[in-house]
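# Secondary and tertiary structure notes
Residue-level listing of the chains:
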Amino acid sequence: MSEPNVMLEESWKNVLSEEFEKPYFKELRSFLQKEKVAGKIIYPLGSNIFNAFNSTPFHKVRVVILGQDPYHGTGQAHGLCFSVQHGIKPPPSLVNIFKELKNDVPFVIPPHGCLQSWTIQGVFLLNAILTVEANQPASHQKKGWEVFTNAVIQKLSKERSGLIFLLWGAYAQQKSVLIDDTKHIVLKAAHPSPFSAYNGFFGCKHFSKTNEILIESGETPVNWQI
């Protein structure tokens, strides 16, 4: 988990190098090592913990979608919020994301739930917590990941401009205090979970709005089809 042990994309490594040396991150690394020694199964696999970072370099981020913590089922999590690996049934929140996409932009609901193709177009799929114990949702809350990912959001806010942040649900919206909305666009909606999607996620049209903003800025729109 320390910088030498993590294959972290160079631009992110440069931006975040100070974080790896801070006490909270060393404590986080120690916690994860102890969990593994104790035989705990941790998701995602170590090689995928920083998948969002390795897939979307710091200087190529255009859109940020913020999730909470990884899926805790076998084979689901692969380091991108809301995304699951090929061959895994899309979870309910992702199913609802697909429904909104179909109603908002040209989109055919796919037979898989892997959002990796978004990342190479500058969509940064960040979970606030980057690991979880198998079958134990939110088990790695308040172990240090939130401090790390808050720093990530602050770095993006401070050192980049014109980014589009999609904050779905109360948890993600709490992060808006970390974002300078005089430099960036912040779009808020309900969470796509079945418990809240009908309270404002469906019909939010965040995907078409994102592309309208990108086009107005002279940028290429995101191809949301996966």
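The following refers to the structure shown. This is a predicted model, so every value here is computed, not measured. (Residues numbered from 1 in each chain as written. Predicted model: local features only at pLDDT ≥ 70, side-chain atom pairs only at ≥ 80, totals over all residues. Heavy atoms only, no water.)

### With respect to helix α1 (residues 10–20)
Those residues of α1 that sit buried are Ser-11, Trp-12, Val-15, Leu-16, Glu-19 and Phe-20. The buried residues of α1 occupy an angular sector of 150° when projected down its axis, which confines them to one face. The exposed set on the far side of α1, more than 90 degrees from its buried face, consists of Asn-14 and Glu-18. Where α1 is buried, its residues meet α2 (23–37), α3 (51–55), β3 (123–127) and α6 (145–159). (Buried < 20%, exposed > 50% of the residue type's maximum accessible area, 1.4 Å probe, protein only. Helix = DSSP H or I, 4+ residues; strand = E, 2+ residues; numbered from the N terminus. Arc of directions from axis to C-beta. Contact = heavy atoms within 4.5 Å.)

### Some thoughts on the sheet that holds β3
Taken in spatial order, the 4 strands line up as β3-β2-β5-β6 in an open sheet, and their pairing is parallel. The strands lining the two open edges of the sheet, one partner per strand, are β3 and β6 (185–189). The mean angle between the axes of side-by-side strands here comes to 20°, regardless of whether they run parallel or antiparallel. One ladder, built from 5 bridges, connects strand β5 (residues 164–168) with β6; its direction is parallel. (Pairing = 2+ DSSP bridges. Axes fitted to C-alpha atoms, helices over the stretch in contact; angles between N-to-C directions.)

### As for the packing of helix α4 (residues 92–104) against helix α8 (residues 206–216)
Here α4 crosses α8 at 55°, and the two axes come no closer than 8 Å. Considering their axes alone, α4 and α8 lie oblique with respect to each other. Packed against α4, whose contacting residues are Ile-97, Glu-100, Leu-101 and Asp-104, the element α8 presents His-206, Phe-207 and Ser-208 at the interface. When the residues that make up the contact of α4 with α8 are grouped by side-chain class, the tally is 3 nonpolar, 2 polar and 2 charged. (Parallel < 35°, antiparallel > 145°, perpendicular 65-115°, else oblique. Nonpolar A, V, L, I, M, F, W, Y, C, P; charged D, E, K, R; others polar.)

### Describing the packing of aromatic side chains
Aromatic ring pairs are reported here in terms of the distance separating the ring centres and the angle at which the planes meet. For the structure shown, the criterion picks out 23 aromatic pairs. Summarising the aromatic geometry, the rings of Trp-12 and Phe-58 are spaced 5.1 Å apart at their centres and angled 85° between planes, so their arrangement reads as edge-to-face. Here Phe-58 lies in the loop between α3 and β2 (63–67) and Trp-12 lies in helix α1, a separation of 46 residues in the sequence. As far as the burial class goes, Trp-12 and Phe-58 line up, both buried. (Phe/Tyr/Trp six-rings, centres within 6.5 Å; stacked < 30°, edge-to-face > 60°.)

### Section: the pairing of β2
Of all 5 residues in β2, 5 are buried; the element is thus mostly enclosed. Taking every second residue as pointing to the same face, both faces of β2 are buried, with Val-63, Ile-65 and Gly-67 on one and Val-64 and Leu-66 on the other. Across 4 bridges, β2 lies against β5 in parallel orientation. In the sheet register, Val-64 faces β5, and the bridge partner there is Phe-165.

### Things to note about the environment of Lys-183
Looking at the secondary structure, you find Lys-183 in the loop between α7 (169–173) and β6. The exposure class assigned to Lys-183 is partly exposed, which follows from its relative accessible area of 30%. In sequence terms Lys-183 and Lys-89 are 94 residues apart; their C-alpha atoms lie 38 Å from each other. Setting aside residues no more than four positions away along its own chain, Lys-183 makes contact with Ser-157, Lys-158, Glu-159, Arg-160, Ser-161, Gly-162 and Leu-163.

### Concerning the nonpolar core
Counting residues in each nonpolar core, the largest one holds 65 residues, and the members touching the most others are Phe-53, Trp-118 and Phe-148. Discounting chain neighbours no more than four positions away, the residues touching Trp-118 are Ile-65, Ile-97, Leu-101, Val-123, Leu-125, Phe-207, Asn-223, Trp-224 and Ile-226. (Core = buried A, V, L, I, M, F, W, Y, C linked by side-chain atoms within 4.5 Å.)

### With respect to the environment of Asp-69
As for its placement among the helices and strands, Asp-69 is situated in the loop between β2 and α4. Along the sequence, Asp-69 and Leu-126 sit 57 residues apart, while their C-alpha atoms lie 9.2 Å from each other. Ignoring sequence-local partners within four residues, the contact set of Asp-69 consists of Asn-127, Ile-129, Val-132, Pro-137, Ala-138 and Ser-139. At 2.9 Å, the side chain of Asp-69 forms a polar contact with the backbone nitrogen of Ala-138. (Polar contact = N/O pair within 3.5 Å; in protein donor to acceptor, adjacent residues only side chain to side chain.)

### Here we look at α4
Compared with the 18 Å implied by 1.5 Å per residue over 13 residues, the 18 Å span of α4 between its first and last C-alpha is a close match. Of all the positions in α4, only Ser-93, Leu-94, Asn-96, Ile-97, Phe-98, Glu-100, Leu-101 and Asp-104 are classed as buried. Those residues of α4 hidden inside the fold are in contact with α5 (116–119), β5 and α8. (Expected span 1.5 Å × (residues − 1).)

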